[in-house]
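The residues making up each chain are set out below.
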Amino acid sequence: MIEQINLREKVDRARLSFDTQLAQVLLGRPDLSHAQIAKEFGIGKNVVRRVIKQFNIGGRKRGPKAKAGEPAS
């Protein structure tokens, strides 16, 4: 007899495990940009943003800000 599995539950567990690992990197490496972390993990920046929101991670540098009167690059 073939054992039934709950695929949704397995996917949710795998995603939570990955998200937790990514959150640990985000917290442990504030020197890396979102783009650098996304590249290191082979994921998109939207995934990084989702995990930041999911784990309420704040206070990371996102890059230099334009000075008043200068166009943003």
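Trainee: Help me understand the side chain of Asp19, please; the structure alone is not making it clear to me.
Mentor: You can see Asp19 is positioned in helix α1 (residues 7–28). With a relative accessible area of 1%, Asp19 lands in the buried category. Once residues within four sequence positions are removed from consideration, Asp19 is found in contact with Arg50, Val51, Gln54 and Phe55.

Trainee: I keep staring at the pattern of salt bridges and nothing clicks. Help me out?
Mentor: Between side chains of opposite charge, pairing is possible as soon as their charged atoms come close. Scanning the entire structure with this criterion turns up 4 salt bridges. One salt bridge connects Arg29 with Asp31, and the closest N-O pair in it is separated by 2.7 Å. Classification of Arg29 as partly exposed rests on a relative accessible area of 38%. Note on Asp31: relative accessible area 54%, which makes it exposed.

Trainee: Would you explain a nonpolar patch on the surface in this entry?
Mentor: Taken together, the side chains of Ile5, Leu7 and Val11 present a nonpolar region at the surface, about 280 Å² in accessible area. Relative to the elements of secondary structure, Ile5 occurs in the segment before α1.

Trainee: Mind showing me how you'd approach helix α3 (residues 45–54) here?
Mentor: Given 3.6 residues per helical turn, the α-helix brings residues three or four places apart onto the same face. Within α3, the full set of buried residues consists of Val48, Val51 and Ile52. End-on, the buried residues of α3 take up no more than an arc of 105 degrees, which puts them together on one face. Turned more than 90 degrees away from the buried face of α3 sit Asn46 and Lys53, all of them exposed. Those residues of α3 that are buried are in contact with α1 and α2 (34–41). Phi for Asn56, located one or two positions after α3, is positive at around 55 degrees.

Thresholds, definitions, all that
Residues numbered from 1 in each chain as written. Predicted model: local features only at pLDDT ≥ 70, side-chain atom pairs only at ≥ 80, totals over all residues. Heavy atoms only, no water. Helix = DSSP H or I, 4+ residues; strand = E, 2+ residues; numbered from the N terminus. Buried < 20%, exposed > 50% of the residue type's maximum accessible area, 1.4 Å probe, protein only. Contact = heavy atoms within 4.5 Å. Salt bridge = Lys/Arg side-chain N within 4 Å of Asp/Glu carboxyl O. Patch = residues over 30% accessible without salt bridge, like charges linked within 9 Å, V, L, I, M, F, W, Y side chains within 5 Å. Areas by Shrake-Rupley, 256 points an atom, 1.4 Å probe, with all protein chains shown as cover. Arc of directions from axis to C-beta.

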